[in-house]
Structures are given as structure tokens and as C-alpha cells.
Amino acid sequence: MLSRVADSLYWINRYLERAENVSRFLEVSEAMALDSPPGSAEPWLPLVEVTGDRNRFDAAYPDATPKQVVRFLLLDRSNPNSIVSCIAMARENARQIRDVITTEMWEQINDLHWSLQDDEDIWREPVQEQLQIIRRGCQLVYGITDTTLSRDLSWLFSQLGRLIERADKTSRILDVKYFLLLPSTEEVGGVLDELQWITLLRTAGAYQMYRQSVQQAISPASVARFLLLDPFFPRSVRYCLQGISDTLQQIQQHPSQDTPDDLDCLRGQLLARWSYVRIDNLIESGLHEAIDRLQQDLNQLHNLLQTRYFTSADLRSTPTDPACALSSFTA
């Protein structure tokens, strides 16, 4: 497989996962805004924080109204992380490798892209309906990919993109609740606090599975444990890291018997760190700092993948580097 093909497969799935997550964030925040008590915390601006585009948003929309947040995240083509931009980039990557992906995959991605053009019928629907159509369109691509693409390198690089983006977004939305939406001391455990935790779970598509797993009152520690450390929920950070590790091992069919390279080190150490830690220890040592470090490690993992697979002609070569001590694990 050519490096550019692996790169396109990886980014098709990252862009689609990003678009699906943003549509889910907006969809739940719309509902939360209707349910929130008067004078409660504004649910919109934290969405911009989740995407990491606060500076770009402040420069383009100084009034920062809810409608502007929705426009910025859904329609603004100058925002590379808006839903329409992500779908357009996924479609462009798919166009470049039409001979690799299946016809059904290309048709669904192409149809989704053209359905989001300016004069299409979707924009005459209510915002909630628009977001549902987009989310289901992305999920349809996942389903078609799962049922039509052979389990070879194409499939493996598709999985890598999807899992890395999912782990990043799950950790970001949890961090927003802990760090930005933290209510005053007297509101902790109150109606607003519980509403925000329920919204967080729904944003991650985790509310029903959380309720089945935890038959007790909602608590910050149990929600954080479920989203970060649950080994069975497909959007938890630990589940995604396990999938990333398994996928990388399948790509590298003949792992080096010598000193592991940086990618192997980070893959194994990330999985170990988030598989063998208790949520109480994470909270005691600072959950925000732990999530911040996780996001840095995911960025480093992406950079190593870029160097290792997307700029090399031989996807199965195994360069080794004795400098295995990564900064994130030695700090």
C-alpha cells in the first residue's frame, strides 16, 4: 500500500468521526439549552473549547451568541473543523483513492457531501433534524465500511483514524465539564450539576450504557471512570487505546525483536497507563492535568504515525530508535 493511500484512509475516518462528534455535541446542547434553569451556565461556548478553536471563533464572532456558535461549528467553511468542512475534506480524501475504497463507501461519502451544499433541502429543516441527518449519514459510512471493506491494511488504517479521533473527543468533552462547567460549591450535586453530567453522557452517546453499568446515582467519579477507563464501552478512552494498540500490532506483522521504536513505546505505555490506574488516583492527582497529558500523547502518537507510515514508501519497515524515553512518561 502506498503511503498516500494509508494517509487518505486515516484522514477520511478522522474527519467523519470529528463531524459526527460535533453534530452530537450540538444536538445535545440544543436540548440542554431548553432544559436548563434560567440563569444557568451557558452550554454553547464550551463546545467551541472542545474543538480547540476558541481563538478563531472569538476573532470571527465577537458577539459569541448561541446562533453564531452553531453556525461556526456546523456551517462555517472558513473553520476547518466545522461539520461541512470535515465532510468536504473526507470526500476529497475519498475522491483521491476511489480505486481503493468500495463503490458503496464513495457513493455515501459523496452523497453526504453534496447534501450539505448551500441550497439543499436539509437547511430548510430544524437544526435538530439537520444534525440528526448528518450524524446518521456519518454512521452509515461506518456501517458500509464495516460490511464492504476487506480486513487488510485499508481497514486497519481506517480504524486507526477513527479510534484516535474518538479517544481525543471523549477526553475533551469530559475535560470541559470538569474544568469549564464546574458549578459553584453550593451547586455541586444539585439539579444543574446532575443535568450537566447527564448531558455529558448523552453527548458521548454513553447515557444508556452508563445506566446499565452503574445502577447508582450519577457521580462525577463514576462518569469519569466510565468514559475514561471502561474496557467495554466503544467510546471510552481505554477501549480506543486498546483498539489502537491491537491495530498497530496487526499493521506491523513482524514486530522488531530489538529495541522498540518510539511508536511502539508510546502505544504500549499509553495502553498500560490507562488500563492500570484507578479513577480515585486520577482525580486526586488532577483529572484535568491527566486529560491534558493524554491529548498531548495522542498528538504525539499521530506525529509518530505520520513519520512512520505516511511519509515512508514501505509501510511494514521497522526503524528502531534507542531513544525510547518519551517526555510524557518521564515528566
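These numbers were taken from a predicted model, which means no experiment stands behind them.

Definitions and limits used
Residues numbered from 1 in each chain as written. Predicted model: local features only at pLDDT ≥ 70, side-chain atom pairs only at ≥ 80, totals over all residues. Heavy atoms only, no water. Helix = DSSP H or I, 4+ residues; strand = E, 2+ residues; numbered from the N terminus. Buried < 20%, exposed > 50% of the residue type's maximum accessible area, 1.4 Å probe, protein only. Contact = heavy atoms within 4.5 Å. Areas by Shrake-Rupley, 256 points an atom, 1.4 Å probe, with all protein chains shown as cover. 1 Å grid on protein atoms, 1.4 Å probe; cavity = no way out; pocket = protein on both sides within 12 Å on 5 of 7 lines; lining within 4 Å. Points joined across faces, edges and corners; volume = space filled by probe spheres on them. pLDDT = per-residue confidence, 0-100. Nonpolar A, V, L, I, M, F, W, Y, C, P; charged D, E, K, R; others polar. Phe/Tyr/Trp six-rings, centres within 6.5 Å; stacked < 30°, edge-to-face > 60°. Lys NZ or Arg CZ within 6 Å of the ring centre and 35° of its normal.

**Regarding the overall build of the chain**
Consideration 1: Secondary structure assignment for the chain yields 16 helices and 0 strands.
Consideration 2: In the chain, buried positions account for 53% of the 331 residues.
Consideration 3: Across the chain, contacts joining residues at least 24 apart in sequence account for 69% of those joining residues at least 6 apart.
Consideration 4: Looking at the chain as shown, the accessible area adds up to about 15400 Å², and 49% of this sits on carbon and sulfur atoms.

**Things to note about empty space enclosed by the protein**
Consideration 1: Counting across every chain of the model gives 2 cavities of 30 Å³ or more.
Consideration 2: The calculated volume of the second largest cavity comes to roughly 30 Å³.
Consideration 3: For the second largest cavity, the full set of lining residues is Asn21, Phe25, Lys169, Thr170, Ile173, Thr203, Ala204 and Arg235.
Consideration 4: Elements represented by at least two residues in the lining of the second largest cavity include exactly helix H1 (3-35) and helix H8 (153-179).
Consideration 5: At 3 residues, the largest contribution of residues to the lining of the second largest cavity is made by H8.

**Details of the environment of Val127**
Consideration 1: With respect to the element layout, Val127 can be found in helix H7 (residues 127-148).
Consideration 2: Val127 sits in the partly exposed class, given a relative accessible area of 28%.
Consideration 3: Along the sequence, Val127 and Leu26 sit 101 residues apart, while their C-alpha atoms lie 9.1 Å from each other.
Consideration 4: What Val127 contacts, discounting residues up to four positions off in sequence, is Glu30 and Val70.

**Concerning the confidence of the model for the chain**
Consideration 1: Of the residues in the chain, 85% have a pLDDT of 70 or more, and the chain-wide mean is 86.
Consideration 2: Considering only residues more than four positions removed or in separate chains, one finds that residues 313-331, a stretch of pLDDT under 50, has 49 contacts.

**Description of unusual backbone geometry**
Consideration 1: One non-glycine residue with positive phi stands out, namely Ala64, at about 55°.
Consideration 2: Relative to the helices and strands, Ala64 resides in the loop between helix H3 (54-60) and helix H4 (66-74).

**A closer look at the layout of surface pockets**
Consideration 1: Of the pockets and cavities examined, the largest pocket occupies roughly 220 Å³.
Consideration 2: Counting residues per element, the ones that place at least two in the lining of the largest pocket are H1, H8 and helix H15 (287-310).
Consideration 3: At 5 residues, the largest contribution of residues to the lining of the largest pocket is made by H8.
Consideration 4: Looking at the lining of the largest pocket, its residues break down into 3 nonpolar, 5 polar and 6 charged.
Consideration 5: In this structure, the second largest pocket occupies an estimated 190 Å³ of space.
Consideration 6: Lining the second largest pocket are Trp155, Leu156, Gln159, Arg162, Leu163, Arg166, Pro231, Tyr239, Gln242, Gly243, Thr247 and Gln250.
Consideration 7: When residues of the lining of the second largest pocket are traced back to their parent elements, those giving at least two are H8 and helix H12 (237-251).
Consideration 8: For the lining of the second largest pocket, the residue count by class is 5 nonpolar, 5 polar and 2 charged.

**Observations regarding the packing of aromatic side chains**
Two aromatic rings, taken as a pair, are described by how far apart their centres are and by the angle between their planes.
Consideration 1: Under the definition given, this model contains 10 aromatic pairs.
Consideration 2: Ring geometry for Tyr10 and Phe310: centres 5.1 Å apart, planes at 50°, overall tilted. Of the two residues, Tyr10 sits in helix H1 while Phe310 sits in helix H15, which places them 300 residues apart along the sequence. The exposure classification of Tyr10 matches that of Phe310, with both residues buried.
Consideration 3: When the centroid spacing of 5.7 Å and the interplanar angle of 80° are considered together, the rings of Tyr210 and Phe226 count as edge-to-face. A residue pair is termed long-range when its members are at least 10 positions apart, and Tyr210 in helix H10 (residues 207-213) and Phe226 in helix H11 (residues 220-229) qualify at 16 residues. For the pair Tyr210 and Phe226, a shared accessibility class is recorded, and that class is buried.
Consideration 4: Across from the ring centre of Trp155, 3.7 Å away, lies the NZ or CZ of Arg151, which sits over that ring.

**Some remarks on the environment of Pro46**
Consideration 1: Here Pro46 is to be found in helix H2 (residues 45-51).
Consideration 2: For the pair Pro46 and Val69, spaced 23 residues apart in sequence, the C-alpha separation works out to 9.8 Å.

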